[in-house]
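What follows is the residue order along each chain.
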Amino acid sequence: MVDILTTPVTELKGVGPRKASALNKLGINTINDLLTYFPFRYEDVGVKDLTAVQDHQKVALKGIVATDPTVIRFGRYKSRLNFNLLIDHNVVRVTFFNQPYLSKKLQRGEEVILYGTYDVARQSLSGIKIIAEDTSQRNNFTGVYNSSKEIKAGTIKKLVHQAYENYHGSIRDIIPGSLRRKFRLLSREQMIKGMHFPVNAEEATQARRTAIFEEFFLFQAGLQELRKLRRQEQQGVKIDYDNKKLREFIQQIPFELTKAQKRVVNEICSDMHRPIHMNRLLQGDVGSGKTIVATIAMYAAVTAGWQSVLMAPTEILAEQHADKLATLLSPMGVNVALVTGNTVRNPRLRRELLTHIEHGDVDIIIGTQALIQERVHFAQLGLVIIDEQHRFGVEQRQTLLAKGGNPDVLTMTATPIPRTLAITTYGEMDLSVIDELPAGRKQVQTVWYNKKQVGQVRSLLREQLDQGAQAYVISPLIEKSAVIDLKNAEEVYQNLKDHFEPRYSVGLLHGNMTNDEKNQVMQAFKAGELAILASTTVIEVGVDVPNATVMVILDADRFGLAQLHQLRGRVGRGDQQSYCVLVADPKNDFGKKRMETMVATTNGFVIAQKDLELRGQGDLLGKKQSGLPSFKVGDPVTNLNILQVAQQAAHDIINADDYTTNNENRVLIEYLHQQIDNGSRA
């Protein structure tokens with residue numbers, strides 16, 4: 001069925017090529033685009049009684065021009081238009097900035113209606129516009145549209161009105177009726193009318209609520225439909241793991257899994273057991289126990305005769321994973337191999353290892369991007385796990401997946417993902433969340449000192465070092481200034497040496513080191529040969545040094561909240577009380593709020609959401625890399641509750657058994673298929 005609302009805007013009276021081009025630049029190509037080009041705010045231009053006006057309220061006032069308008073010019077394009085307005089017995093001073101042409105519309109002794117911001121103390125109005133005197137046909141509550149130099153807001157408003165008058169009878173409800181009744185939503189025709197032509201603020205708010213839900217719901221429904229289609233197209237491997245062996249292995253783990261870990265293990269194993277392609281994101285806060293969950297999943301694959309691969313971003317992490325897995329899985333008769341650029345430098349031994357992997361003699365392979373080399377082949381690859389997936393490019397991930405017959409994929413991240421991003425950006429993936437820390441794990445105590453309190457920082461450091469602990473001291477990375485970075489690092493390093501050596505040895509890690517040099521320093525720190533590690537680089541996510549109990553972050557206000565939380569996660573990995581010390585003198589409220597947030601909570605998900613709220617969706621990851629789609633009406637941050645409800649509603653409808661046969665879903669299915677077709681042609 002052809003949707004008449006896809007008619008080009010050029011069918012409207014008065015829209016020629018030039019006006020159509022201006023509309024196109026605003027994203028308005030069709031009648032539907034125009035009808036959903038909503039006002040960004042509303043103005044109540046009904047005349048108010050002066051005694052009822054609040055300070056700095058935008059208001060319409062009606063009075064008589066009491067003095068001749070005077071225009072004062074300053075600068076080339078700047079001007080100020082002044083006159084007095086008589087309202088009953090009150091004189092209001094009116095000023096219009098940079099609108100000198102308005103003086104021709106004002107005559108002394110004439111009655112006018114002005115709209116502007118009222119200052120109670122000064123009894124003055126900062127004018128915005130003159131309202132037409134003929135108010136008989138005018139709605140006092142009116143929308144304000146974004147416009148451009150090529151097309152005025154008033155023109156857009158007239159075209160919207162024309163489009164609604166001509167096509168409102170063709171507006172169909174896309175959201176199924178059962179959902180509209182459940183959430184008390186307006187019909188689509190009522191919503192569009194209420195957004196463009198509300199009688200009052202209450203009507204506009206009600207329409208906006210429906211518009212936000214519809215926008216989020218259709219976005220989420222599109223993601224669910226796409227995921228459903230991809231699952232149908234991409235047949236996955238069915239991993240018939242041995243449940244008895246898996247239970248026996250879990251029972252041998254030297255600690256009790258948390259409820260969250262058990263839940264996530266069940267979600268992953270359920271996916272693996274089905275003949276569909278698993279594409280699941282496992283996110284968990286720092287120290288939540290993602291590695292053991294991954295280990296259980298890999299062992300499950302091994303019991304079914306499949307190989308598993310875990311790709312880590314650095315050699316240190318790969319070696320750490322390999323050591324842990326070998327310790328846990330060797331008693332179960334599982335062979336674990338490590339493949340990195342440095343592990344097998346002897347050509348003969350390397351050939352032997354790769355041959356064993358290719359012939360299936362190795363069950364689990366841990367490695368870095370060395371795994372994607374052409375000479376690495378697998379016998380029967382069933383499960384691919386990617387640790388800190390954002391550290392790898394799309395091509396690297398795809399190259400690894402191509403080495404198997406569409407293996408199941410589990411990606412892991414310790415970087416807290418705000419709920420907003422998790423719902424919007426990762427909506428096409430199944431999501432598992434470990435939202436619980438292991439029992440007995442002590443929370444890291446976070447304190448904030450200014451630079452004048454550095455003596456207290458040294459005292460805390462010395463106290464912990466005297467107890468046999470180790471510490472990190474981090475200074476910020478200055479973009480595009482490796483020379484300054486190195487100078488800062490060396491100054492911090494030298495300062496630490498002056499205060500703590502020879503009793504406690506101090507190491508240095510900076511960006512100018514080679515990978516081998518960095519690895520040597522980190523290994524020395526892990527081995528306890530260094531008591532303090534000064535660094536300008538972010539200590540690798542997942543690096544596990546249980547004896548490190550202090551993280552000092554210098555100029556902490558120059559780090560983002562997510563970075564600070566990741567750094568804090570390098571300590572508190574043992575059974576001793578750990579500390580994170582923020583040293584900062586923030587210059588603004590934004591910096592102060594970040595420090596206060598870090599002190600107030602250790603919950604990475606709370607911090608990530610707060611970071612998104614503080615920095616805004618565009619700035620969190622960069623304007624074009626924010627990960628958040630662009631919505632017309634809804635704001636995923638401030639309207640998070642509606643977003644979550646819409647996501648669940650979309651999931652329930654798209655995945656219902658009667659989704660395609662239920663007649664009330666007919667328009668929704670047509671709409672989604674049209675959007676998917678348009679997307680594939682784009």
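What counts and what doesn't
- Residues numbered from 1 in each chain as written.
- Predicted model: local features only at pLDDT ≥ 70, side-chain atom pairs only at ≥ 80, totals over all residues.
- Heavy atoms only, no water.
- Pairing = 2+ DSSP bridges.
- Helix = DSSP H or I, 4+ residues; strand = E, 2+ residues; numbered from the N terminus.
- Axes fitted to C-alpha atoms, helices over the stretch in contact; angles between N-to-C directions.
- Contact = heavy atoms within 4.5 Å.
- Expected span 1.5 Å × (residues − 1).
- Buried < 20%, exposed > 50% of the residue type's maximum accessible area, 1.4 Å probe, protein only.
- Arc of directions from axis to C-beta.
- Polar contact = N/O pair within 3.5 Å; in protein donor to acceptor, adjacent residues only side chain to side chain.
- Left-handed = near helix turned anticlockwise from the far one by under 90°.
- Nonpolar A, V, L, I, M, F, W, Y, C, P; charged D, E, K, R; others polar.

A. Representation of the sheet that holds strand E15 (residues 430-434). With parallel pairing, the 7 strands of this open sheet are ordered in space as E11-E12-E10-E13-E14-E9-E15. Unpaired on one side and paired on the other, strand E11 (336-339) and E15 mark the two borders of the sheet. Strand-to-strand, the axes of this sheet are offset by a mean angle of 20°, without reference to chain direction. Its contacts with the sheet put helix H9 (residues 290-303) on strand E9 (279-284), strand E10 (307-311), strand E12 (364-367), strand E13 (381-387), strand E14 (408-413) and E15, and the angle it makes with E13 is roughly 170°. On top of the sheet, helix H11 (residues 347-358) reaches E10, E11 and E12; it is set at about 130° to E11, its chief contact.

B. Local environment of helix H3 (residues 153-167). The end-to-end C-alpha separation of H3 is 21 Å, in line with the 21 Å expected for 15 residues at 1.5 Å each. Where H3 is concerned, the buried positions are Ile-156, Leu-159, Val-160, Ala-163, Tyr-164 and Tyr-167. The buried side chains of H3 occupy one side of the element, clustering within an arc of 135° when seen end-on. Lining the buried residues of H3 we find helix H1 (17-25), helix H2 (31-35) and helix H5 (188-196).

C. Quick look at the environment of Lys-632. One can find Lys-632 in the loop between helix H20 (617-620) and helix H21 (640-654). The spatial distance from the C-alpha of Lys-632 to the C-alpha of Thr-36 is 8.3 Å, given a sequence separation of 596 residues. Reaching out from Lys-632, the side chain makes a polar contact with the side chain of Thr-36 at a distance of 2.9 Å.

D. Focus on the sheet that holds strand E19 (residues 532-535). Strand order in the open sheet made by the 6 strands is E16-E21-E20-E17-E19-E18, with parallel pairing throughout. On the outer flanks of this sheet lie strand E16 (445-449) and strand E18 (506-509), each paired with one strand and no other. Neighbouring strand axes in the sheet, compared pairwise and without regard to direction, differ in orientation by 15° on average. Strand direction decides the pairing type here: E18 and E19, joined by 4 bridges, are parallel. Of the residues in E19, the one forming a bridge with Leu-509 is Ser-535. Strands E16 and strand E21 (579-583) of the sheet are contacted by helix H18 (residues 589-600), whose axis makes an angle of about 150° with E16.

E. The packing of helix H17 (residues 561-568) against H18, seen in detail. At a minimum axis separation of 10 Å, H17 and H18 run at an interaxial angle of 35°. The hand of the H17/H18 crossing is right-handed. From H17, Leu-561, Leu-564, His-565 and Arg-568 reach across to H18, where they touch Arg-594, Met-595, Thr-597 and Met-598. Taken together, the residues of the contact of H17 with H18 break down into 4 nonpolar, 2 polar and 2 charged.

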